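Architecture at a glance
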Amino acid sequence: MGKEETPLDIEEMKDLEQESLDLDESINPPITMPLETASVVESEEEISPKKRTQITWQNKIKQKTISFLKNPWNLGFLVVLFLGIAIRLKYFNMESIWNDAAVHLWYAIKVTKEPLFIFSRDYLLGDHVVPQTITAVYYLFTKNVFLAGKLMALTYSVIGIIFMYLLGTEIKNKKFGLIATILFTFNHLFWFYGVRPLADAPLTVMVVLIIYSVVKLEKTKSLFWGITTGAVFLLSMATKQQAIVFLFAYLIYLVLTKKFLLLKNPVLISYAGPLGLIVLVSLIFKSNFLVKAIMRVVTLAGSKDGFLYAYNHLVWIFGGKLLILVVVGILLILLFKKKEFYFSIILFLTYGIYLELGVNTVEDRIVMPLLSAGLLLVTFALFEISSYISIISKNKKF
């Protein structure tokens, strides 16, 4: 039989339990929360989902900014960007005006005084629609139309420099993008016209945006970039009507390299949208821009200036050495079948042939849009040549 527990034994067990509890508290004291900390935790719990989303986005932007600045190629790009702006500002006060620039500056003033003028035939068909509209916006704040025109051109220049870096990075890498950006930013002609109230430097920038949009469309095959590509073509034609040749070059490119995608989205949207709007505008204003551009080539309007008249401007724009690299770049791209550069080649050749055959009295600023596509070809040639030199030098060491 078991031994019965006495009241004394029960009391001893209670004492032992209490002693063990005291020992636990001494080893692991209870966690106490200060009043301030408790209120912080409580306030964090009360943060709304909208506020949390805002904080998350702020953190993401902060992290991306830090990551961007840690990359040496990005820092190099920022140096080029600020130098490009500084150089243009240095000659910002130099006064110069062209006959056509005077007309578009006056349109910019007039649309601020008569807003409905923006829907008139003279405004919409008089070329330079987007540049003179941006000029009008700047004029509202500056009340100086010459300053407003220069700010418009400078805005386009900054956009062009940024997107040339993005384009080079998208095609190959950041090193490629930086080299292309340097060549683009400090080109003497783009530098000169980059602060003039004309549409030629803006059109040169639009070529960069067109190529960038096409590259993104081919990489992502998304509806967004199909719509964006079509919109960029439309903005280019609203910048200067001769940009319709770029759309024609795009159609040639699609027929030669992407004919199986011609009737499929998003490629269909990228060219059908602009073509549809051209037809609509032609019906409304009874003026077909595409037919006019084709007829200029058919009638050989550019032959009046003599053979290779536009080519002579290319030598002036690129310089002899860079123009040789353009040719080398084209040959290497075709040899190695670098398809990401095919559109740049077709655009360069199509616009060059159009200028040679279809434009009478060619000026350097009209030829300047070739700079954007041409410098991509130059950069590719430099990359390939440097890689061969590197391989040869390594072999000699061994």
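This text gives an overview of the structure that appears in the document. (Residues numbered from 1 in each chain as written. Predicted model: local features only at pLDDT ≥ 70, side-chain atom pairs only at ≥ 80, totals over all residues. Heavy atoms only, no water.)

1. Quick notes on the overall build of the chain
Counting its secondary structure elements, the chain contains 20 helices and 0 strands. A buried classification covers 41% of the 398 residues belonging to the chain. Intrachain contacts of the chain at a sequence separation of at least 6 include 75% that bridge at least 24 residues. In the form shown here, the chain has an accessible surface area of approximately 22,600 Å², with 67% of it arising from carbon and sulfur atoms. (Helix = DSSP H or I, 4+ residues; strand = E, 2+ residues; numbered from the N terminus. Buried < 20%, exposed > 50% of the residue type's maximum accessible area, 1.4 Å probe, protein only. Contact = heavy atoms within 4.5 Å. Areas by Shrake-Rupley, 256 points an atom, 1.4 Å probe, with all protein chains shown as cover.)

2. Overview of the nonpolar core
In terms of nonpolar packing, the biggest core is built from 79 residues, with Leu167, Phe246, Tyr250, Phe318, Phe343 and Leu355 touching the most fellow members. Residues within four places of Leu355 in sequence aside, it is in contact with Ala310, Val362, Ile366, Val367 and Leu370. Formed by 7 residues, the second largest nonpolar core is a distinct cluster that contains Val111, Phe117, Tyr123 and Ala136. (Core = buried A, V, L, I, M, F, W, Y, C linked by side-chain atoms within 4.5 Å.)

3. Quick word on the packing of helix 13 (residues 244-257) against helix 14 (residues 267-285)
Where helix 13 contacts helix 14, the axes come no closer than 11 Å and their chain directions differ by 140°. The crossing of helix 13 and helix 14 is left-handed. The residues of helix 14 that touch helix 13, namely those facing Ile244, Leu247, Tyr250, Leu251 and Leu254, are Val267, Ser270, Tyr271, Pro274, Leu275 and Ile278. (Axes fitted to C-alpha atoms, helices over the stretch in contact; angles between N-to-C directions. Left-handed = near helix turned anticlockwise from the far one by under 90°.)

4. Description of the packing of aromatic side chains
Per the counting criterion, the structure on display carries 20 aromatic pairs. Both rings, one in Phe176 and one in Phe341, keep their centres 5.9 Å apart while their planes meet at 50°; by these two values the pair is tilted. Separated by 165 residues along the polypeptide, Phe176 in helix 9 (residues 174-185) and Phe341 in the loop between helix 17 (320-336) and helix 18 (342-358) bring together distant segments of the chain. Ring pairs connect the aromatic residues Phe163, Tyr212, Phe224 and Trp225, which therefore count as one cluster. Positioned above the aromatic ring of Phe117 is the side chain of Lys110, whose terminal nitrogen or guanidinium carbon lies 4.4 Å from the ring centre. (Phe/Tyr/Trp six-rings, centres within 6.5 Å; stacked < 30°, edge-to-face > 60°. Lys NZ or Arg CZ within 6 Å of the ring centre and 35° of its normal.)

5. Brief notes about helix 16 (residues 309-318)
Of all the positions in helix 16, only Ala310, His313, Leu314, Ile317 and Phe318 are classed as buried. The arc that holds every buried residue of helix 16, seen down its axis, measures 120°, which confines them to one face. (Arc of directions from axis to C-beta.)

6. Some points on the environment of Phe285
Mapping Phe285 onto the fold places it in helix 14. Among the residues examined, Phe285 registers a relative accessible area of 17% and is labelled buried. As for Phe285 and Arg121, which are separated by 164 residues in sequence, their C-alpha atoms are 7.5 Å apart. Aside from chain neighbours lying at most four places away, what touches Phe285 is Arg121, Leu124 and Leu125.

7. Brief notes about the pattern of salt bridges
This model, assessed by the stated rule, comprises 6 salt bridges. With a shortest N-O distance of 2.6 Å, Arg365 and Asp200 are connected by a salt bridge. Of this pair, Arg365 sits in helix 19 (residues 364-367) while Asp200 is found in helix 11 (residues 200-220), placing the two residues 165 residues apart along the sequence. Neither Arg365 nor Asp200 differs from the other in exposure class; each is buried. Here Glu363 ties to Arg365 by a salt bridge, and the two come within 3.1 Å at their closest N and O atoms. Judged by relative accessible area, Glu363 falls into the partly exposed class, the value being 31%. (Salt bridge = Lys/Arg side-chain N within 4 Å of Asp/Glu carboxyl O.)

8. A look at the side chain of Asp127
Here Asp127 is to be found in the loop between helix 6 (121-125) and helix 7 (129-142). Despite its burial, Asp127 pairs with no opposite charge, the nearest such side chain being Lys240 at 5.6 Å. Sequence-distant contacts of Asp127, that is, excluding residues within four places in its chain, are made with His104, Gln132, Thr239, Lys240 and Gln241. (Lys, Arg positive; Asp, Glu negative; His and termini not counted.)

9. Details of unusual backbone geometry
Pro266 follows Asn265 through a cis peptide bond whose omega is 5°. Within the chain, Lys143 stands out as a residue other than glycine whose phi angle is a positive 60°. Looking at the element boundaries, Lys143 is found in the loop between helix 7 and helix 8 (145-171). The exposed category is assigned to Lys143, whose relative accessible area is 59%. Non-glycine residue Lys221 carries a positive phi angle of around 55°. Inspection of the secondary structure puts Lys221 in the loop between helix 11 and helix 12 (223-239).

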